[in-house]
Amino acid sequence: MALKDILPSQIGFGAAPLGNMFRDIPEEEAIATVAAAWNDGIRYYDNAPFYGAGLAEIRMGAALADKPRDAFVISTKVGRVILDEVEDVSTRDLGEKGDVFKFGRPNKIVNDYSEDATYRSIEDSLKRLKTDRIDIAWVHDIAQDFYGDEWLGMFEQARRGAFKALDRMRDEGVIKGWGLGVNRVEPIELLLDLDGPRPDGFLLAGRYTLLDHDRALQRVMPKVAERGLGIVVGGPYSSGALVGGPNFEYAPATPAILEKVARIKALADRHGISMKAAGLQFALANPAVAAVIPGASRPGRIAEDGAALREIVPAGFWRALRDEGLVNPAAPLPIDD
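Each chain carries its own residue numbering, running from 1 in the direction its sequence is written. At least 70 in pLDDT is required for a residue's local features to be given in this predicted model, at least 80 for side-chain atom pairs to be given and counted, and no such filter applies to totals for whole chains, interfaces and linings, which use all residues. Water and hydrogen atoms play no part in the side-chain values, which are based on all heavy atoms of the structure.

**Looking at the nonpolar core**
What tends to happen in soluble globular proteins is that the nonpolar side chains get buried as a cluster. Core analysis: the largest hydrophobic core is formed by 100 residues, its most contacted members being Phe-13, Tyr-45, Val-139, Ile-142, Leu-180, Tyr-208 and Phe-317. Counting residues in each nonpolar core, the second largest holds 13 residues, with Ile-6, Val-73, Ala-205 and Ala-291 among its members. Think of a nonpolar core as a cluster: buried Ala, Val, Leu, Ile, Met, Phe, Trp, Tyr and Cys residues, connected wherever their side-chain atoms sit within 4.5 Å. Buried residues are those whose accessible area, probed at 1.4 Å on protein chains only, stays under 20% of the maximum for their type, while exposed residues exceed 50% and partly exposed ones sit between those limits.

Spelled out as structure tokens, the structure:
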């Protein structure tokens, strides 16, 4: 089933911040943020066991417990099993992501993409989310940013394990769809070239944004569109850099990135639009994109995202972006419809 047939709308809720990403978020604030998303009409929620070692799933499960299950779509991820035993959070090896979730739960996180671990991961997520089913399962982070030179070995483990398990679960109707949830384009390319597994789409974080889209545009988006699949764009604000934050790709933004943000911001200001509108509407202009899922850890951010999606962006802004070389000339823009 195509992602666009599963997802209820073009905007969803990325739950990584609920796992105490970057800061220790009070419980009531986290619950209120999910409530704000619901009240704003958002009905697609993406999560992962990795986010705070189960914390994001627990919080989201509590926040949505009284909502009719048929009224919303949940995606979560497999590849990390969360144990009851605790570990020293400071000793975790999270690849390039460093201490992103140092404020999460101290439960031990085990990387395991085998068939058995996939089933266990889904069962554990169901309990934390307080639900009877997962709609979409993404195989999480089998890429260079987490595993370095070992990433192909992890991909092979997933090919023999998680891919087959999720293919079977989808065919049996246990889940509606599956794919990869990654921060790099190469694993998606590799999976698309395989004969066996039949993914329904992909969650690609940070690689199809105003600040970084060249590689995805050239190597992934056309193939995905041709096959009638879809991309969920995670991190549309590039870890906050696009909207004035200090981080890009989970780390302090470089001077080059900050300069690009400043140039785009100058154009946005000149045309009287928000940077959030520019970021979300840019991503959604690509026919391969099924939805965007900005993350939020404060209730007020939710309304901003919804307003950004509805904002009228003048054609002159998009033309200026292209004329000034701030987007790839081949990138689809809203004015190209």
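**Structural notes on helix α13 (residues 299-310)**
Secondary structure follows DSSP: runs of H or I at least 4 residues long count as helices, runs of E at least 2 residues long count as strands, and numbering of each begins at the N terminus. For α13, the set of buried residues is Ile-302, Asp-305, Gly-306 and Ala-308. The buried residues of α13 occupy an angular sector of 160° when the element is viewed end-on, so they sit on one face. Residue contacts are defined here by distance: any two heavy atoms, one from each residue, within 4.5 Å place the two residues in contact. Where α13 is buried, its residues contact β1 (13-14), α2 (27-39) and α12 (275-284). The arc in question is formed by the directions pointing from the helix axis toward the C-beta atoms.

**Let's talk about the packing of aromatic side chains**
Each aromatic pair joins two rings of Phe, Tyr and Trp (for Trp, the six-membered one) with centres within 6.5 Å, and gets the label stacked for planes under 30 degrees apart, edge-to-face for over 60, and tilted for any other angle. Summed over all chains, the structure comprises 13 aromatic pairs. When the centroid spacing of 5.4 Å and the interplanar angle of 85° are considered together, the rings of Phe-50 and Phe-146 count as edge-to-face. With a gap of 96 residues between them, Phe-50 in the loop between β2 (44-46) and α3 (55-64) and Phe-146 in helix α5 (residues 144-147) connect regions that are remote in the sequence. For the pair shown, Phe-50 and Phe-146 are each scored as buried. Arranged with centres 5.4 Å apart and planes meeting at 80°, the rings of Phe-155 and Phe-163 form a pair that is edge-to-face. For the residue pair Phe-155 and Phe-163, the accessibility class agrees, reading buried in each case. Through successive ring pairs, a cluster of aromatic residues spans Phe-50, Tyr-51, Phe-101, Tyr-113, Phe-146 and Tyr-147. A cation over an aromatic ring shows up here: Arg-80 above the ring of Phe-50, its NZ or CZ 4.1 Å from the ring centre. In this scheme, Lys NZ or Arg CZ marks a charge over a ring once it lies within 6 Å of the ring centre and within 35 degrees of the ring normal. Positioned above the aromatic ring of Phe-146 is the side chain of Arg-80, whose terminal nitrogen or guanidinium carbon lies 4.6 Å from the ring centre.

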